[in-house]
Amino acid sequence: MQKVYLMTPGPTPVPDDIRLAEAKPIIHHRTKEFVEIFERATEDLKSIFKTQNIVLTFLSSGTGAMEGAVVNMLSPGDKALCIMGGKFGERWGEICQAYGIEVIPLNVEWGDYARPEDVEKILDQHRDIKAVFTTLCETSTGTLFPIKEYGEIIRGRENTLLIVDAISGLGACDIRTDEWSVDICVSGSQKGLMLPPGLAFASVSGKAWKFAETSKCPKYYFDFKKQGKALEKKSPTAYTPGVSLVVALNKALSILKEEGIDNTLERHAKLARATREAVRLLGLTLFSKNPANAVTAINVPPGIDGGALKNTLDKKYGIKVAGGQAQLKGKIIRIAHLGYMGEFDVITAISALELSLKDLGYEVSLGKGVAKAMEILK
Ligand SMILES: *Cc1c(COP(=O)(O)O)cnc(C)c1O
């Protein structure tokens, strides 16, 4: 018998109350009962996104809402600046290319983030860029991007939108959609919101709705205007919503509301700090130059096989962490402290990391990192 601990940056563990909410008998979606549930969820989502804008809900993984953001705002031939410093930044570029958008890439080294002045320089060079696509927390590198600073640059430019992938960031890293002038903020259910995969969200600003009027990319299910109209008419979605997931979402949002979004962010900040400090004390280094509070990316130390480390954590100790993606495969491991996570999850992860490193021949005095984590968490 082995107890399993899911510590990946999505999907994340789902609390029992939320799983039970999802298990309730199906109700029909064109009923007053469901419309009320849906509207409450939509309202509560706004407070997590820190926005007064409409938040649309789709039945897809997070990438669906990313695709929706591209196809509803732009037309083939339009120019977009895609900030790329990891797998998910690159995804924006791939989606744009799939729809014939001309991509101006801003490539940063993986583990780093784009400097606001570099964003500004490109926008000044290409006055016709219609949208800047970026990522709040680049999950593949564990890096936080300075959305507030990007917002200050884009705010005054009437012909340019700021579109942010906050799929792993929402609920762990602060995102102030309205205050930071984020036109579209995209997220998904299976990360900070503590739900199973299957729902995607997009907040849409007034400025973004104007872009939707002229966009000529093909679209059908992810048509924001159609979904927005349905929400207005209390329909509440154009097509069958993920009824059970929405009921579960309502439960998740009531749990988060009770904690208070800023307390939720503070909890993540503390768990992240404890993880980072413990790891450093073990003589390991962090991969990211600007670590996000959702996930910690750790460099696999020289002489240790990254695949073997991930495997030992998994097979011997039941700790599911993520490895590196693409060129980082075998080079980093990523421990999430995202969503339904508390002090003892971090302590468990650090102790298993110590044991696994020791098993693989790395010099470690057992309990050293754990003691540091406890000191920070107490
Ligand atoms: C998980 C994740 C995605 C992808 O979401 P899916 O739900 O797998 O489509 C996109 N961006 C970031 C930053 C993520 O962490």
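Because the structure is predicted, anything quoted here is derived from the model rather than measured.

(A) Looking closely at the nonpolar core. Grouped together as the largest cluster of nonpolar side chains are 95 residues, with contacts concentrated most on Met73, Phe133 and Ile147. Take this core: its biggest share by element is nine residues, from helix H9 (residues 243-259). For this core, the two domains that each supply at least three residues are domain 1 (5-10 + 260-377) and domain 2 (16-258). When sequence neighbours within four positions are dropped, the list of residues in contact with Met73 reads Leu161, Ile163, Ile184, Ala208, Phe211, Ala212, Ser215 and Phe224. Ranked by size, the runner-up nonpolar core spans 31 residues in total, among them Ile298, Ile304, Ala349 and Val370.

(B) Representation of the sheet that holds strand S4 (residues 102-107). The strand order across the open sheet built from seven strands is S2-S10-S9-S8-S5-S3-S4, with neighbouring strands paired in mixed fashion. Both edges of this open sheet fall to strand S2 (54-59) and S4, since each of them pairs with a single strand only. Within the sheet, the average angular offset between the axes of one strand and its neighbour, ignoring direction, is 20°. The sheet contact formed by strand S9 (residues 184-188) and strand S10 (residues 199-204) spans five bridges and is antiparallel. Considered in S10, the bridge of Cys185 is made with Ser203. With respect to the sheet, helix H2 (residues 32-49) is in contact with S2, S9 and S10, its orientation differing from that of S2 by roughly 115°.

What counts, and where the lines are drawn
Residues numbered from 1 in each chain as written. Predicted model: local features only at pLDDT ≥ 70, side-chain atom pairs only at ≥ 80, totals over all residues. Heavy atoms only, no water. Core = buried A, V, L, I, M, F, W, Y, C linked by side-chain atoms within 4.5 Å. Buried < 20%, exposed > 50% of the residue type's maximum accessible area, 1.4 Å probe, protein only. Helix = DSSP H or I, 4+ residues; strand = E, 2+ residues; numbered from the N terminus. Domains from an automatic or database assignment. Contact = heavy atoms within 4.5 Å. Pairing = 2+ DSSP bridges. Axes fitted to C-alpha atoms, helices over the stretch in contact; angles between N-to-C directions.

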